[in-house]
Amino acid sequence: MMFILIGTSLAQNNGTIRGMVTDKDSGEKFPFASVSLKKNGEILPNGTVTDNEGAFKLNGLQHGTYDVVVSFIGFETETVSGITINKQSPKVNLGILSITSANVAIEEVEVNGMANTVSTKIDRKTYRAEDFSTARGGTAVDVLNKLPSVSVSPDGDVSVRGTTDFMVYLNGKPTQMEPSMLLAQISGENIQNIDVITVPTAKYDAQGKGGIINITTKTNGIEGFSVSANGKFGASPWGNKTDKYDGYDMKDDRYGGGINLMYGKDNLTLYGGFNYNKKNVNGARIGEARVWDYDEQMYKHMDAAGERPEWYEYYSANAGMDYKISEATQLSASYFYGNRTEGRSAFYVYNNYYGDKGTRPDTEEYIYNPNTDNRYGEFHTGNIDLKTKLGNGAVLTTSFLYEHSSLSRNLDNLNYEFDEVADRVRTVTDHYNQSDNTPLDAYRLSIDYSKELDNGHTFGFGLQPQFFQMDGSFSYDTANVINGVEMGMYDYAALENSIDLKRGVYAAYIEYAGSFDKLKYMLGLRLEYTDQEMKIAKSDYFNIFGDPARSTFEVNQLDWFPTVHASYPIGESSKLSLAGSRRISRPPIKNMAPFLYRRHFEVYVAGDPNLEPEYINNLELGFERNFGKQKVNLTGFYRGVENAVFRVNTTDNIVENPNYVEEVVLIRSYTNSGDSRSLGLELNANLQAGNFAKFFIGGSLYDYRVQGNIFGYKADNSSTNWSLKGNANFALTKELKFTADFDVKSSTVTAQGQNDMFYLANTALDYNPKKLENWSFSLRVLDILDSNIQGLDTRAFDKEGLEIFYQETEYNRTGPIAEISVSYAFRNGKSKNKTKNTVGDREF
């Protein structure tokens with residue numbers, strides 16, 4: 001009888017409830033959501049948290065009737081009531097439970113955008129792209145520029161908390177493409193959400209000071225067929241110009257469009273799309289520069305002004321499929337093709353003279369320097385994923401990715417005598433042309449295993465080897481000019497070179513996620529072994545650092561990267577979070593290749609093959625609170641960079657190189673020369689006013705310090721930096737929405753100078769007429785204040801403290817810009833409520 005009682009008791013305590021939690025807005029699986037259990041209205045201690053795949057399991061339940069409550073701060077609570085555990089049904093699977101961002105029910109105006117612009121999870125902040133209407137006609141770069149922790153320079157360089165070194169994932173997949181290259185090829189119309197992961201977990205690559213940006217595109221599965229198409233046209237006609245010396249016609253316009261198709265039936269989903277975008281931006285540059293001439297013992301001044309047009313053209317195509325082989329196995333595959341051309345011309349007149357600071361002697365020389373810099377890229381990326389549920393809460397995911405990129409560049413630079421009195425160009429004196437070709441092949445294998453333990457915690461590990469190879473060749477040609485007439489180009493053989501780089505990164509990680517009372521945590525450790533070899537054809541390359549000549553550079557190193565994430569609720573409306581990690585920044589190839597480019601009359605640029613990795617320590621402490629419909633998140637952060645790489649400047653007449661004719665000009669390069677530190681606060685606030693408007697405000701305030709030894713001069717620069725961004729959405733009627741945003745960034749120090757304050761404002765009007773179902777129209781006015789001005793100052797010193805170089809430059813891009821876009825979306829079917837993953841990119 002005793003054994004019967006014990007067996008009955010054990011059986012009555014062996015019930016389980018399992019399920020899957022997803023984000024209703026995006027269809028993504030929702031990790032780290034709280035799952036509570038109630039019985040007779042009282043909360044039981046059996047609660048748990050969802051794993052990385054959004055799954056949960058409640059074990060050891062007695063027979064009875066329960067309520068399951070799923071919650072996460074910033075999201076509506078989802079409750080499933082009346083779940084019965086008994087002898088006939090000891091195990092219950094609730095299937096998919098979807099939770100949605102906390103939103104406001106509007107009686108008169110049906111606006112989907114009243115959900116929070118930003119939501120916070122244990123390892124990331126997720127932003128809804130549709131709230132940033134002024135970026136819909138642009139690319140992922142334009143959408144990112146609206147986010148508080150992200151900034152975009154006028155040249156299109158994206159940075160996260162002040163660094164351009166970060167990883168880009170597209171639908172959860174990384175590759176080797178340079179981030180700005182990839183982001184410029186993703187249409188803003190196709191973006192659903194953006195995750196900013198400043199402290200990634202151990203499962204993600206450790207590469208990148210700024211962490212990871214994950215772009216989720218609109219590829220939600222449906223039953224049936226859907227199509228969406230869009231087109232846009234914009235211009236700033238008041239900025240159209242013609243260079244009066246070269247005759248170059250500069251149009252300031254932009255246009256593009258795209259189409260996306262999707263079909264779903266039973267267990268199969270197919271999708272594909274094509275996007276095209278072209279943008280011409282006119283602008284001008286003025287600047288003053290002086291370089292110390294050791295022979296003359298005075299400064300050589302080179303003051304310049306002129307037009308500076310830019311152009312960007314890119315198109316991309318993608319295709320993919322999802323196939324559910326069985327209830328336990330799913331196969332996914334995708335392909336991405338991108339083609340991009342970007343460039344700029346500079347039509348500058350230089351006034352050159354010798355003298356002290358602030359002086360202008362009688363003897364002056366005028367030079368007209370038209371130059372054009374074009375970069376070309378063609379990208380192919382394909383991946384295949386197989387996901388298998390092994391039973392008992394175990395999941396095995398295997399992924400393989402291959403990428404081939406063809407990257408090239410051409411820079412053409414001429415000098416003419418210029419008659420300042422007659423205001424006309426005379427004869428050519430110099431003609432330089434540099435070009436490179438750098439194809440890249442990359443491979444990545446990922447094997448990830450996760451297991452839900454009996455206590456509801458999750459254990460996971462994985463292997464992620466990756467390898468890439470790049471062959472680069474560089475050509476330097478100069479013209480034979482006799483009496484102002486070019487007699488043909490000839491190779492400057494001493495400066496021509498080529499590189500062959502092979503880099504393997506062999507990674508393994510382990511993670512453990514669980515909870516203790518109300519505390520939710522995730523611990524991880526990642527190991528990465530770097531096996532890198534770069535060979536340079538000519539060891540006597542142009543070298544401004546005086547390093548010993550060699551032709552082979554190797555890195556063989558094992559690094560470890562711990563991660564910790566935790567969150568703890570305070571009452572029902574607040575939450576504390578903690579995150580920390582160690583990361584690495586391996587230098588990109590473009591900063592290592594010792595190719596000497598003449599960018600302008602007074603500027604050369606060269607890479608440094610001796611660059612070493614940087615190491616980064618990150619720590620964040622966050623506090624989040626809901627005030628009714630309002631939500632505020634405040635994050636304190638620290639980022640310390642060891643062995644930091646700085647872009648540095650020096651003058652050529654202190655550099656001795658037997659293969660180069662000495663000039664008194666500026667040379668730029670990159671070197672490990674010190675440390676940097678950022679310590680401050682970041683704000684994200686979702687605010688709602690009444691039932692028709694919502695506001696998103698983001699900003700940061702932090703102390704930034706740069707310390708280093710630059711050519712023997714000890715630099716110690718610091719500044720208090722701040723930024724403020726705002727986005728307002730107003731539902732004027734059921735059919736009409738108005739959006740306005742602004743972006744203000746303070747000045748900041750650099751290793752050898754400072755960048756000036758910058759501000760920009762944009763507006764948009766969106767119209768969705770009921771009589772034209774599925775159609776939408778937008779009018780956008782960008783840079784409405786005509787304030788797209790970039791100012792920077794740079795100075796360099798020798799080891800005695802003498803200022804050997806100073807440059808003050810201002811770039812002014814034409815505004816305002818008006819854009820009109822039209823979109824059409826048709827869906828013949830019902831939602832499957834899931835998200836499809838495609839492919840992604842990073843490096844060069």
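Structure's up top.
Because the structure is predicted, anything quoted here is derived from the model rather than measured.

Draft legend 1. Examining the overall build of the chain more closely. When you go through the chain residue by residue, the secondary structure sums to 4 helices and 49 strands. For the chain, the share of sequence-separated contacts (at least 6 apart) that also reach a separation of at least 24 residues comes to 70%. As displayed, the chain offers around 34,800 Å² of accessible surface, 54% of which is attributable to carbon and sulfur atoms.

Draft legend 2. Looking closely at empty space enclosed by the protein. Considering all chains together, one arrives at 13 cavities of 30 Å³ or more under this definition. In this structure, the second largest cavity occupies an estimated 230 Å³ of space. What lines the second largest cavity is a set of 24 residues, and nearest its centre among them are Ile122, Asp123, Arg124, Lys125 and Glu620. Of all the secondary-structure elements, those providing two or more residues to the lining of the second largest cavity are β9 (118-121), β10 (124-128), β15 (191-197), β33 (552-570), β34 (574-585), β37 (614-627) and β38 (630-651). Considered class by class, the residues forming the lining of the second largest cavity number 9 nonpolar, 8 polar and 7 charged.

Draft legend 3. Just the sheet that holds strand β13 (residues 167-170), in detail. If you walk across this open sheet you meet the 6 strands as β9-β10-β15-β16-β13-β14, and the pairing is mixed. The two strands at the open ends of the sheet, each matched to only one other strand, are β9 and β14 (173-174). Pairing analysis gives 2 bridges linking β13 to β14, with the strands arranged antiparallel. Counted as the bridge partner of leucine 170 is lysine 173 from β14.

Draft legend 4. Summary view of the sheet that holds strand β8 (residues 91-99). Sheet architecture is open: 3 strands sit in the order β5-β1-β8, paired in mixed fashion. On the outer flanks of this sheet lie β5 (55-61) and β8, each paired with one strand and no other. The mean angle between the axes of side-by-side strands here comes to 20°, regardless of whether they run parallel or antiparallel.

Draft legend 5. Structural detail: the environment of valine 349. Relative to the helices and strands, valine 349 resides in strand β25 (residues 329-355). Along the primary structure valine 349 and tyrosine 366 are separated by 17 residues, whereas in three dimensions their C-alpha atoms are 7.0 Å apart. Every residue in contact with valine 349, bar those within four places of it in the chain, is listed here: Tyr245, Asp303, Ala304, Ala305, Tyr366, Ile367, Tyr368 and Phe418.

Draft legend 6. Here's a closer look at the side chain of aspartate 559. Note on placement: aspartate 559 falls in strand β33. Among buried Asp, Glu, Lys and Arg side chains, aspartate 559 stands out as unpaired, with arginine 582 the closest opposite charge at 4.6 Å. A polar contact of 3.1 Å, which involves the side chain of aspartate 559, links it to the side chain of glutamine 557.

Draft legend 7. Up close: the packing of aromatic side chains. Using the criterion set out here, one finds 24 aromatic pairs in the structure. Measuring from centroid to centroid gives 6.3 Å for tyrosine 348 and tyrosine 350, while their planes differ by 65°, and the two rings are edge-to-face. You'll find tyrosine 348 and tyrosine 350 in the same group, each marked buried. On the basis of an interplanar angle of 25° and a centroid distance of 4.6 Å, the ring pair of tyrosine 713 and phenylalanine 797 is categorised as stacked.

Draft legend 8. Focus on the environment of lysine 203. With respect to the helices, strands and loops of the structure, lysine 203 is situated in the loop between β15 and β16 (212-217). Along the backbone, lysine 203 and phenylalanine 461 are 258 residues apart, and their C-alpha atoms lie at a distance of 8.0 Å. When sequence neighbours within four positions are dropped, the list of residues in contact with lysine 203 reads Glu53, Asp448, Gln464, Tyr509, Glu511 and Arg526.

Draft legend 9. Examining the nonpolar core more closely. Ile499, Met534, Phe542 and Ile589 are the most contacted members of the largest nonpolar core, which has 30 residues in total. For this core, the elements supplying multiple residues, two or more each, are β27 (394-419), β28 (424-452), β29 (458-482), β31 (497-516), β32 (519-536) and α4 (589-592). Broken down by element, the residue count for this core peaks at 4 residues, all from β29. In this structure, Ala135, Val143, Val150 and Val160 belong to the second largest nonpolar core, which totals 27 residues.

Draft legend 10. Focus on a negative patch on the surface. Together, Glu288, Asp756, Glu808 and Glu810 line one region of the surface with negative charge. Here glutamate 810 is to be found in strand β48 (residues 803-813). The class of glutamate 810 is partly exposed, set by a relative accessible area of 34%.

Draft legend 11. Inspection of the pattern of salt bridges at higher detail. In the structure shown here, the tally under the stated rule is 28 salt bridges. The salt bridge involving arginine 254 is made with glutamate 819; its shortest N-O contact spans 3.6 Å. Taken together, the residues span a long stretch of sequence, with arginine 254 in strand β20 (residues 253-265) and glutamate 819 in strand β49 (residues 817-831) at a distance of 565 residues. The exposure classification of arginine 254 matches that of glutamate 819, with both residues buried. A salt bridge links glutamate 528 to arginine 586; the nearest nitrogen and oxygen atoms lie 2.7 Å apart. You can see glutamate 528 sitting in strand β32 and its partner arginine 586 sitting in the loop between β34 and α4, a full 58 residues away along the chain. When sorted by exposure, glutamate 528 lands in the same class as arginine 586, which is buried. Ionic contacts of the salt-bridge type, sharing partners, join the residues Asp205, Arg444, Arg526, Glu528 and Arg586 into one network.

Parameters and conventions
- Residues numbered from 1 in each chain as written.
- Predicted model: local features only at pLDDT ≥ 70, side-chain atom pairs only at ≥ 80, totals over all residues.
- Heavy atoms only, no water.
- Helix = DSSP H or I, 4+ residues; strand = E, 2+ residues; numbered from the N terminus.
- Contact = heavy atoms within 4.5 Å.
- Areas by Shrake-Rupley, 256 points an atom, 1.4 Å probe, with all protein chains shown as cover.
- 1 Å grid on protein atoms, 1.4 Å probe; cavity = no way out; pocket = protein on both sides within 12 Å on 5 of 7 lines; lining within 4 Å.
- Points joined across faces, edges and corners; volume = space filled by probe spheres on them.
- Nonpolar A, V, L, I, M, F, W, Y, C, P; charged D, E, K, R; others polar.
- Pairing = 2+ DSSP bridges.
- Axes fitted to C-alpha atoms, helices over the stretch in contact; angles between N-to-C directions.
- Buried < 20%, exposed > 50% of the residue type's maximum accessible area, 1.4 Å probe, protein only.
- Lys, Arg positive; Asp, Glu negative; His and termini not counted.
- Salt bridge = Lys/Arg side-chain N within 4 Å of Asp/Glu carboxyl O.
- Polar contact = N/O pair within 3.5 Å; in protein donor to acceptor, adjacent residues only side chain to side chain.
- Phe/Tyr/Trp six-rings, centres within 6.5 Å; stacked < 30°, edge-to-face > 60°.
- Core = buried A, V, L, I, M, F, W, Y, C linked by side-chain atoms within 4.5 Å.
- Patch = residues over 30% accessible without salt bridge, like charges linked within 9 Å, V, L, I, M, F, W, Y side chains within 5 Å.
- Charge placed at Lys NZ, Arg CZ, Asp CG, Glu CD.

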